[in-house]
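Fold and contact review
Single-letter residue listing:
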Amino acid sequence: SMKKIDLSDLIREGQIQDEPSIGWDQVERLIKRSFEDLKSADRNMPFDEPGAMDFIYKAMFHAANALLRAYGFRPGATRQHQGVIAAVERILGPESKTLILKFDKLRKRRNQFEYQGIFEMGGEELKDSIEQAKKLVVAIRTALEKSNPQKHFDW
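Residues numbered from 1 in each chain as written. Predicted model: local features only at pLDDT ≥ 70, side-chain atom pairs only at ≥ 80, totals over all residues. Heavy atoms only, no water.

1. Points about the overall build of the chain
Looking only at helices and strands, the chain features six helices and two strands. Going residue by residue from the N terminus, the α and β elements of the chain occur as α-β-α-α-β-α-α-α. What you see for the chain is a C-alpha radius of gyration of 15 Å, in line with the 15 Å of a compact globule of 155 residues. Taking the principal axes of its C-alpha atoms as reference, the chain extends roughly 40 × 35 × 25 Å. Buried positions account for 50% of the 155 residues belonging to the chain. (Helix = DSSP H or I, 4+ residues; strand = E, 2+ residues; numbered from the N terminus. Rg over C-alpha atoms; globule rule 2.2 N^0.38 Å. Buried < 20%, exposed > 50% of the residue type's maximum accessible area, 1.4 Å probe, protein only.)

Pasting the structure below:
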């Protein structure tokens, strides 16, 4: 069953919100979307690296959002991306630290590109990011299936 996670500080700051009435179909839509994002990242990699980076980030964010919703929360109104990242780290626990740092680094990279058009990732870092994103999505999928044993998600 699901462990009780204290996110009251993030809720107070408006980074995430309580959403107790979430249907599992939403969770499923978001995790499946993250699988699609990963496929799109792979497809874009050879000819559009910034586009690939955007899909890698979306894969992580959609999976994170699925996890949050499974726990009865959703992204808030302020600094929601930071809030989601902090919440996921708490839900997944300390062993997710490396993946979370990568998620946050990617968030900053994406911001830089979104707002200033600056793209500063080499091919190696991009490949590493997609590997880390896949690991995070798998970790979240595993957590969702554990918390809800009758559910199973296919890639």
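Still to come is the rest of the account.
2. A look at the side chain of Gln15
Along the polypeptide, Gln15 turns up in the loop between α1 (8-12) and β1 (16-18). Side chain to side chain, Gln15 and Glu13 meet in a polar contact 2.8 Å long. One polar contact links the side chain of Gln15 to the main-chain amide nitrogen of Gly83, over a distance of 3.0 Å. Once residues lying within four places of it in the same chain are set aside, the contact partners of Gln15 are Leu10, Pro75, Gly76, Thr78, Arg79, Gln80, Gln82 and Gly83. (Polar contact = N/O pair within 3.5 Å; in protein donor to acceptor, adjacent residues only side chain to side chain. Contact = heavy atoms within 4.5 Å.)

3. Observations regarding the packing of aromatic side chains
In the structure shown here, the tally under the stated rule is three aromatic pairs. Relative to Phe61, the ring of Tyr57 lies with its centre 6.2 Å away and its plane at 20 degrees, an arrangement referred to as stacked. Residue Tyr57 and its partner Phe61 are located together in helix α3 (residues 49-70), separated by four residues, close to a single helical turn. Chaining the aromatic ring pairs together yields one cluster made of Tyr57, Phe61 and Phe103. (Phe/Tyr/Trp six-rings, centres within 6.5 Å; stacked < 30°, edge-to-face > 60°.)

4. As for the nonpolar core
Ranked by size, the top nonpolar core spans 48 residues in total, and within it Ile31, Leu67, Val88, Phe103, Leu136, Ile140 and Leu144 carry the most contacts. Ranked by residues supplied to this core, first place goes to α3 with 13 residues. Those residues in contact with Ile140 that lie beyond four places of it in its chain are Ile31, Ala63, Ala64, Leu67, Val88 and Leu92. (Core = buried A, V, L, I, M, F, W, Y, C linked by side-chain atoms within 4.5 Å.)

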